[in-house]
Amino acid sequence: MTTPASFSDRVRESAQCIAESGAAALSGLYDLTSMRLVRFSVTITRHQHDAEDAVQATLVRVVGNASLLSRADNPWPYLLRMVRNESLVILRRKRRGAIVSNLTDLLTHRSVDEVEQEESFRAVWLALRSLPMQQSEVVVLKIWEEFTFAQIAEVLCIPPATAASRYRYAMQKLALELRSQAVEATHE
Amino acid sequence: MSKEYADASDDEMSPELLKMLESTVFAAGKFVVPSDDLRPQTLEAARDYGADRKGTYRFAQFILAVFVFVTISLPIFGRLASWRDSVASPTSLQMYEIAMKKNVGMDWGLFEAFSELRQSQASRFGQTNRKNVQD
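**Details of the overall build of chain B**
- The secondary structure content of chain B amounts to four helices and zero strands.
- Reading chain B from its N terminus to its C terminus gives the helix and strand order α-α-α-α.
- The proportion of buried residues among the 135 residues of chain B is 12%.

Written out as structure tokens, the structure reads:
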């Protein structure tokens, strides 16, 4: 996986292309970031359709003012923060009675050599969904985006110490959740 | 499945277990993907948004151009209107009023009014005419 800094540079290049060429150049930024953005947004909205709405709205906003993204100190965390804000807006607007606790809304993909691991992947995503949103987003940023706690703090607008403690609690809960899933699987 | 975590307790996690858990979560990172529809939908929405913005920008430019034109042209038309009074011929109603003031009958009154008009026009443009004749 690319480091956050180099990925940020690539996001900046894509944003500069959009600033120069307009909406026609959005495909570059989409191909670069969409999977990561949807993955991050799903942990907030808890629903793939809402997450995709948030990502689409964010990328359209980027087209409106691409220079804002290209001039940002860290374009990738900046873009993630935009998606997070959009996801929170959608979450507030579409407050559901019951949070989706299974994975039926998710569109999943695994390569042929990962078939054996599919069960493990599902277990991880189910366990992530069992976490409070504040903790699951820290896990996503720390493990999948390989951010430091300082960078996570920048995205989430919280102190780095809070990000670290949320991560610690989240990992403990994840381990317990995966353990309980393992126990259930054993009984079955 | 996840049998490694069967030993996980509520207490502080060991570094080994934490590392293993992190690698398990990391592996599941690419399990969820965007739908196939999202790409064309996003690009189309962005194109529409760009076109709307362009349209709004052009309309704003048009409004600005109209404003500038009106701002500049109003004083010019005012100045032209003041010149018109000095160069325009009298209307038929004005000629009729002048003829009636002569008090010598309608026909002669009109004749004298036109004569005066021609004289005043000749004196106004006389200089130009003389110049043309000399040329």
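**Side note on the overall build of chain A**
- Counting its secondary structure elements, chain A contains nine helices and zero strands.
- Taken from N to C terminus, the helices and strands of chain A fall in the order α-α-α-α-α-α-α-α-α.
- Each of the 188 residues in chain A was classed as buried or not, and the buried ones make up 45%.
- The long-range share in chain A, meaning contacts at least 24 apart out of those at least 6 apart in sequence, stands at 67%.

**Considerations on the confidence of the model for chain B**
Residues and elements named next belong to chain B.
- When pLDDT is averaged across chain B, the result is 79; 80% of the residues are at 70 or more.
- The least confident element of chain B is helix α4 (residues 106-134), whose mean pLDDT is 72; the most confident is helix α1 (residues 15-27), at 89.
- The complex prediction reports pTM at 0.70, with the ipTM value standing at 0.81.

**A closer look at the environment of Ala175 of chain A**
- Tracing the sequence through the fold places Ala175 of chain A in helix α9 (residues 160-187).
- Measuring from C-alpha to C-alpha, the distance between Ala175 of chain A and Val124 of chain A comes to 9.6 Å, with 51 residues separating the pair along the chain.

**Some remarks on the nonpolar core**
Residue and element names in this part refer to chain A.
- Membership of the largest hydrophobic core comes to 58 residues, with the highest contact counts inside it found for Leu59, Val63 and Ile152.
- No fewer than three residues from each of domain 1 (1-97) and domain 2 (114-188) sit in this core.
- Beyond its immediate chain neighbours, meaning those up to four positions away, Ile152 contacts Val138, Leu141, Lys142, Phe147 and Ala163.

**Some remarks on the packing of helix α5 (residues 75-93) of chain A against helix α8 (residues 149-156) of chain A**
All names here are of chain A.
- Between α5 and α8, the shortest axis-to-axis distance is 8 Å and the interhelical angle comes to 40 degrees. As judged from the angle between their axes, α5 and α8 are oblique. Handedness of the α5/α8 crossing: right-handed. On α8, the residues touching Pro77, Leu80, Arg81 and Arg84 of α5 are Gln151, Glu154 and Val155.
- Classifying every residue of the contact of α5 with α8 gives three nonpolar, one polar and three charged.

**Some points on the interface of chain B and chain A**
- Between chain B and chain A, the residue contacts involve 34 residues of the former and 42 residues of the latter.
- No other element matches helix α2 (residues 38-87) of chain B, which puts eleven residues into the side of chain B that touches chain A.
- Classifying every residue of the side of chain B that touches chain A gives 21 nonpolar, seven polar and six charged.

Basis of the calculations
- Residues numbered from 1 in each chain as written.
- Chains lettered and ligands numbered in written order.
- Predicted model: local features only at pLDDT ≥ 70, side-chain atom pairs only at ≥ 80, totals over all residues.
- Helix = DSSP H or I, 4+ residues; strand = E, 2+ residues; numbered from the N terminus.
- Buried ≥ 20, exposed ≤ 12 C-beta atoms within 10 Å, placed from the backbone.
- Contact = placed C-beta atoms within 7 Å.
- pLDDT = per-residue confidence, 0-100.
- Core = buried A, V, L, I, M, F, W, Y, C linked by C-beta atoms within 7 Å.
- Domains from an automatic or database assignment.
- Axes fitted to C-alpha atoms, helices over the stretch in contact; angles between N-to-C directions.
- Parallel < 35°, antiparallel > 145°, perpendicular 65-115°, else oblique.
- Left-handed = near helix turned anticlockwise from the far one by under 90°.
- Nonpolar A, V, L, I, M, F, W, Y, C, P; charged D, E, K, R; others polar.

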